[in-house]
Amino acid sequence: MCPGQLDHELWRGMEKQKHIIETQQFDLPRIERLFEQTRRVQRSLETGNRHEFGYSLKGRSMISLFYEPSTRTRISFERAAQLCGMNVCGTENAGEFSSAAKGETLEDSIRTLTGYYPDVIVLRHKETGAAQRAADTIDRYQLPVHVINGGDGTGQHPTQALLDLYTIWESRKERIENVHVVMGGDLAHGRTVHSLAYVLAKYSTVHFTFVAPTELQMKKEITDYLTRHGIRYTLETDPKTVLRDADVVYWTRLQKERLDPKLREDIERHGMYQIGQSEVDMMKPDALILHPLPRVGEISTEIDDDPRAQYFKQAQNGLYVRMALLLELLG
Amino acid sequence: MCPGQLDHELWRGMEKQKHIIETQQFDLPRIERLFEQTRRVQRSLETGNRHEFGYSLKGRSMISLFYEPSTRTRISFERAAQLCGMNVCGTENAGEFSSAAKGETLEDSIRTLTGYYPDVIVLRHKETGAAQRAADTIDRYQLPVHVINGGDGTGQHPTQALLDLYTIWESRKERIENVHVVMGGDLAHGRTVHSLAYVLAKYSTVHFTFVAPTELQMKKEITDYLTRHGIRYTLETDPKTVLRDADVVYWTRLQKERLDPKLREDIERHGMYQIGQSEVDMMKPDALILHPLPRVGEISTEIDDDPRAQYFKQAQNGLYVRMALLLELLG
Amino acid sequence: MCPGQLDHELWRGMEKQKHIIETQQFDLPRIERLFEQTRRVQRSLETGNRHEFGYSLKGRSMISLFYEPSTRTRISFERAAQLCGMNVCGTENAGEFSSAAKGETLEDSIRTLTGYYPDVIVLRHKETGAAQRAADTIDRYQLPVHVINGGDGTGQHPTQALLDLYTIWESRKERIENVHVVMGGDLAHGRTVHSLAYVLAKYSTVHFTFVAPTELQMKKEITDYLTRHGIRYTLETDPKTVLRDADVVYWTRLQKERLDPKLREDIERHGMYQIGQSEVDMMKPDALILHPLPRVGEISTEIDDDPRAQYFKQAQNGLYVRMALLLELLG
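Everything numeric here is computed off the predicted structure, so don't read it as measured data. (Residues numbered from 1 in each chain as written. Chains lettered and ligands numbered in written order. Predicted model: local features only at pLDDT ≥ 70, side-chain atom pairs only at ≥ 80, totals over all residues. Heavy atoms only, no water.)

Enquirer: Is there a simple way to think about the pairing of strand β1 (residues 61-66) of chain B in this case?
Expert: Every regular strand shows the same layout, with side chains that alternate between the two sheet faces. Residues and elements named next belong to chain B. For β1, the buried fraction is high: six of the six residues fall into the buried class. Residues S61, I63 and L65 of β1 are buried on one face, and the alternating residues M62, S64 and F66, pointing to the opposite face, are buried as well. As paired elements, β1 and strand β3 (residues 120-125) share five bridges and run parallel to each other. The partner of S64 across the bridge, within β3, is V122. (Buried < 20%, exposed > 50% of the residue type's maximum accessible area, 1.4 Å probe, protein only. Helix = DSSP H or I, 4+ residues; strand = E, 2+ residues; numbered from the N terminus. Pairing = 2+ DSSP bridges.)

Enquirer: I'm lost on the sheet that holds strand β2 (residues 87-91) of chain C in this one. Help?
Expert: In any sheet, the strands associate via hydrogen bonds between backbone groups, in a parallel or an antiparallel arrangement. All names here are of chain C. Taken in spatial order, the four strands of this open sheet run β2-β1-β3-β4, and their pairing is parallel. Only two strands of the sheet have a single neighbouring strand rather than two, namely β2 and β4 (146-152). Going across the sheet, the axis of each strand differs from the next one's by a mean of 15°, ignoring polarity. Note: strand β1 (residues 61-66) against β2, five bridges, orientation parallel. Directly across from L65, in β2, lies its bridge partner T91. Across the face of the sheet, helix α5 (residues 106-114) comes into contact with β1 and β3 (120-125) while running at roughly 155° to β3. (Axes fitted to C-alpha atoms, helices over the stretch in contact; angles between N-to-C directions. Contact = heavy atoms within 4.5 Å.)

Enquirer: What exactly am I supposed to notice about unusual backbone geometry here?
Expert: The amide bond that connects L293(A) to the next residue, P294(A), takes the cis arrangement and shows omega of 0°. At Y117(C), a residue that is not glycine, the phi angle is positive and equals roughly 60°. Tracing the chain through its elements places Y117(C) in the loop between α5 and β3.

Enquirer: Mind showing me how you'd approach helix α8 (residues 191-200) of chain C here?
Expert: Helical geometry: 3.6 residues make up each α-helical turn, so side chains three or four residues apart lie on a common side. Burial within α8(C) is extensive, with ten of its ten residues counted as buried. Where α8(C) is concerned, the buried positions are R191(C), T192(C), V193(C), H194(C), S195(C), L196(C), A197(C), Y198(C), V199(C) and L200(C).

Enquirer: Got a minute to help me understand the domain arrangement of chain A in this structure?
Expert: Many structure descriptions define interface size as the accessible area lost when the parts assemble. All names here are of chain A. Along its sequence, chain A is carved into domain 1 (8-157 + 315-330) and domain 2 (159-312). Centre-to-centre separation of domain 1 and domain 2, based on C-alpha positions: 26 Å. At the junction of the two partners, domain 1 supplies 31 residues and domain 2 supplies 22 residues. Both sides together, the interface formed by domain 1 and domain 2 hides about 2500 Å², and carbon and sulfur atoms give 56% of it. A per-residue breakdown of the area domain 1 buries against domain 2 is headed by T23, F35 and H157, which together make up 26% of the total. Our count for the domain 1 to domain 2 interface comes out at one salt bridge. Across the pair R39 and E174 runs a salt bridge whose closest N-O atoms are separated by 2.4 Å. Breaking the side of domain 1 that touches domain 2 down by element, the ones donating at least two residues are α2 (28-46), α3 (71-83), β4 (146-152) and α12 (311-330). (Domains from an automatic or database assignment. Buried area = accessible area lost by both parts, 1.4 Å probe. Salt bridge = Lys/Arg side-chain N within 4 Å of Asp/Glu carboxyl O.)

What follows is the structure in structure tokens.
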């Protein structure tokens, strides 16, 4: 196969879905194929071959429509598009700057923008369900445009979940079997932990420990889902007791202003829910420490050089996964 | 003629004007040629040939300089440039972010930016006359840069008027004859209705009905212009009485905060100046319903699928017209 | 040598430095080589050959990361990148929009962004030393990314100093010898005058007159530096007495709100520290009047057409110098 060509063989027989809205829409074969493509993209870029995919999507275009700011997600999507040869335009802050400020509905904005011949619209929006509404508008008029959900309210952020999953998949020799995932921090409000829990639940041998202050524990909606699908999980409140057995430690930020003052004081005084060298020292030698970033103190920079700390690699995997998704949708 | 090549024959003998400042500068032959080019662009893109013009303006560049936010206008210009192969850079909110905040004059900003070798500057500005001032600065120093007015204060928005006119021209078999145009809503403050009235007045058989609350009627400056040029018009206040005979219904948003409280109540209670199914049912079967968008309730979404509702097609025509203008100026 | 090819001969033996952080890092041979390349870029563009360098850095990419708005600096960098064939993406206002708002450190942001395969990050930041911190982060992890300081707090703005210096170099037949530079305005707070003084001090025959209200005089740190390096300078308060003998008049904005009310009144009433026709009439026929722009009244527009007024040319030289720097770093 020629470099720069998408391996169409790889995708044969696959049910492409037009839009990327939520993690549940991906079945295991699709994920497997996506990750194989992601790995090819990664190897190509890591070995300095920045041009291999540079013409794959030449002449195609992305509109990045961000109603909420998100430099990380936006720039990684735009770089993914550029590295596939696409044109990019868009807005950093659609909510404030655009006709949305004059009261235009999302549906009208989407229908107008699709008239400008984008191939993909990446949408970040404050409201849960916004990406689905955008997709419905496009499908109603049978427009040849793909929507990718770049995060909708407290809903989903599917490409984040895919990059998280890819990071686990890749570091465990491309297998997700008998993995013990410890998720910690604010599990009640974090959309990344929700999306990742849904997608990990597709692997029957995964089991979870959710460690969080009681009022910030994983939502019942998700633990019910796990129960229905026969996935084991445990709820804990003290990180110290659970890090030892983790294969993957997925840590998130505790928004302290949401906490009971007493608990807040404990956390601040004792560094509870903070991962530093002593926490890492407890972990298995091949554990994986992940974080969706940005972090603000809950993971100490002192562990950044530990090989188990993979959160920056994880962020970079976002580029690879997004390139693979664009190649899948448009290739 | 090869695909992707601008038909220079089409432009021969035409007096190109360097800048696009106001609708009055276009005479009928120029409009006709521009629309023929627009139609070629449209057909090319509609038939999936996104590459036909993709190299026409390769290596040329646009700076979009928006002192006021306008996602719709900015993105359609940027996509038009990209689809012609141009580079784009610019700012979404020059007023807040740039040296304008430090007190730099528009003239100094323009002179500086022209030093960076743009081919076109698209300018959106709060002040009426800003585009002309930018053009004067460029001409004074004989710089090879075109200014396109992307809307200046309560002044003009010529590419909006051209896309409106093109929508009428195209839907009426490329002829504008004996057209009865009903303009409704806030005619006093809407810069799009002003620009469109000026350009339609070039067609001697067009006649207008302006329907608006008395305090929001069409400005005397424009009705005087129509009288001088022998164009018939009528002023009305009740939409119900005028929709029946319209060939084109051009509707705009009523800014309710500008209205007398009594009138406002009538409008809110009775849905006056709102177009819904019952209003559309009155209209001719081949009437054209246009709106510059965004709309905020004055056209009901229930009529979106009626073939007479052409406002999204109209918005898309903006892309085609802007591409044709870029090809004319730079081709 | 083929057009469009960087003259590698020109750079042979040169110690490339990976990042552009401050003017002190440039020695005279490097400056000389950079300016020769700048001149080639300038000639190419001035003679209408906009394509000569259009493929030199094809496929390379710049991320412009502006925590403070600066349309001029950002657009000139982005145009420089485009004219070399590079891709560009970035953010206009990282401070407000990005994860910085959530408390992410600059180091974490840089490490994340470098994962997206930029070749260059142009950084504008409120804090002095930010560019060095970004460079340190990159070097610590041996990442193949160059940082260019686009202005850090009250620190440096090295590409501004280089474009200033180039303007002097080019207008004086590519020699900087026995030049009397008069710097005026707010010398205490202006980062451009500081950077330029440091770099001019490399030329042993340059001498300075610093003319400013006493409380806004050049910082002791810099006059001490000049003394240590044997560079002559004089401190003055009255512009009238010093313009006559200037080879270069480098003028900056006085921020009146920083001034003593009495002095402020004198300045406002008598137009002190303002350069108009009568001030220009005093100057040598081949003097050079420079200003980093934006200006807000301290240089009258009435002198804009005087051949000595070169501030817009100077701004344009910023494009050429930035292209030459990109070609040096990445070529």
